[in-house]
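# Overview (structure and organization)
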Amino acid sequence: MAPARRHFLFVVLGALWIAAQPVMAAETLKVGLVLPLSGQLAEAGRQIDNAIRLYLEQNGDTVEGTRIEVMVRDDEGNPDQTRVAVKSLIEDDKVNVLAGFGTSPAAAVAAPFATDAQIPAVVMGAQTSLVTTRSPYIVRSGATLAQSAATLGIWAAKHGIRNVMALISDFAPGSDALHEFSKAFIAQGGEIADEFKISLEEPAFGPALAQIAQAKPEALFVYVAPWQVHEVLDAIAAQKLREAGIKVIATGDLTDDATLAALGPSALGIITAHFYSAAHPSRVNRSFVEAYRAAYDETPGAMAVSGYDGMRIICDALRAREGDTGGEALLKAMKGLSLKSPRGRVVIDEKSREPVQNIYLRKVERRGEEIVNAEFETIEAVRDPNNSRAEH
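All values reported here derive from a predicted model rather than from experimental measurement.

## Focus: empty space enclosed by the protein
Summed over the entire model, instances satisfying the criterion amount to one cavity of 30 Å³ or more. Volume-wise, the largest cavity comes out at about 40 Å³. Every residue along the wall of the largest cavity is listed here: Val222, Tyr223, Val224, Ala250, Thr251, Asp253 and Leu254. Every element with two or more residues in the lining of the largest cavity is listed here: strand E9 (219-223) and strand E10 (247-251).

Right, dumping it as structure tokens:
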């Protein structure tokens, strides 16, 4: 056979061999997203889910050649359902990252699974400080309740408030919020004159608020379950606390931006401390709010930002590791990450794996036709007072 013809035959056979080989699929990073998408906490889960979808729509679902697949499970806010979902995601679906978790009990249930599987668990909803101590693989993208409550306690004492009463729902988050607020407030010379715990099952805010109105403290600290917010604000308005000169102060959960419009005038004047406001005056936040509203016809709240930044953390870690989906590699890349978030700059503390971020003092005000959480003071680079140390 002539050399030229032999060469041509080799080229053709080589091309046919290449064509016959299976196309190598891009590697996939599987994210197991566990959220309360039904039940009383569904609003928080829906915000996180929406924001994750928005982030991937804006930035694409492929990083460094690795495609991101999000596998969503509804745990209904029930830890037993969380356990079933997480176990299945790890053992059956072989996920590379766990994420979501709307409550601290859900995150606590997931913690040993993440440790055993040696994969990161990005906690987007749960706010108890203890969460990150349950597993060295947990990274938090949102905030701790202590960051807001302690900041509010310090701010109140430093701004002349000395006498406070408290009204909380009788459940773990309410007790945590009051504990963190009281600890910081009392350390600054403040006094908690009295506290009222209201049943989750049969709430009766009127009698407690009548006593508070009569006692006339300088301020009332409030933390109630999300599904009780409308009722407690209506009861506060009925007792005319604001007209009596009693300030209503709270962590930002009470006037979350996602539900603020529905709360109406009863929320006006409430002062809160929180890590996010949809009215935050930055270009990054304006773009985020506009995109979220365009996609879902509603205003994003704190859980939306937690979900958005949680997915950013996962993608940035994957990018830093050049597409490596190994759990240890991803976890290492998540530690120390710095994010330019809609809420401002956020850094993931390398040791505690908690977000270090600004906490904003906000006041509910009317701006034109809109009711907003207007920021009036910024406390920069706040660490979780329980897990993060300044020397880190």
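## Details of helix H2 (residues 42-59)
Given a rise of 1.5 Å per residue, 18 residues ought to cover 26 Å, and the 26 Å separating the end C-alpha atoms of H2 matches this to within 8%. Taken together, the buried positions of H2 are Ala42, Gly45, Gln47, Ile48, Asp49, Asn50, Ala51, Ile52, Leu54, Tyr55 and Leu56. The first or second residue beyond H2 is glycine 60, which carries a positive phi of 85 degrees.

## Remarks on the environment of leucine 33
Along the chain, leucine 33 turns up in strand E1 (residues 28-35). Judged by its relative accessible area of 0%, leucine 33 is buried. It is 6.6 Å that separates the C-alpha atoms of leucine 33 and valine 70, two residues lying 37 residues apart in sequence. If sequence neighbours within four positions are ignored, leucine 33 has contacts with Asp49, Ile52, Val70, Met71, Val72, Arg73, Leu89, Ala99, Gly100 and Met124.

## Comments concerning the pattern of salt bridges
One pass over the structure, following the stated rule, counts 14 salt bridges. Here aspartate 49 makes a salt bridge to arginine 53, at a shortest N to O gap of 3.3 Å. A residue pair is termed a helical-turn pair when its members lie 3 or 4 positions apart in one helix, as aspartate 49 and arginine 53 do in helix H2 at four residues. The partner of arginine 319 in a salt bridge is aspartate 316, and the shortest N-O contact between them spans 3.0 Å. With arginine 319 and aspartate 316 both in helix H11 (residues 302-320) and three residues apart, the pair spans about one turn of that helix. You can call arginine 319 partly exposed: its relative accessible area is 39%.

About the criteria used
- Residues numbered from 1 in each chain as written.
- Predicted model: local features only at pLDDT ≥ 70, side-chain atom pairs only at ≥ 80, totals over all residues.
- Heavy atoms only, no water.
- 1 Å grid on protein atoms, 1.4 Å probe; cavity = no way out; pocket = protein on both sides within 12 Å on 5 of 7 lines; lining within 4 Å.
- Points joined across faces, edges and corners; volume = space filled by probe spheres on them.
- Helix = DSSP H or I, 4+ residues; strand = E, 2+ residues; numbered from the N terminus.
- Expected span 1.5 Å × (residues − 1).
- Buried < 20%, exposed > 50% of the residue type's maximum accessible area, 1.4 Å probe, protein only.
- Contact = heavy atoms within 4.5 Å.
- Salt bridge = Lys/Arg side-chain N within 4 Å of Asp/Glu carboxyl O.

As far as function goes, none of this settles anything; it's purely spatial.
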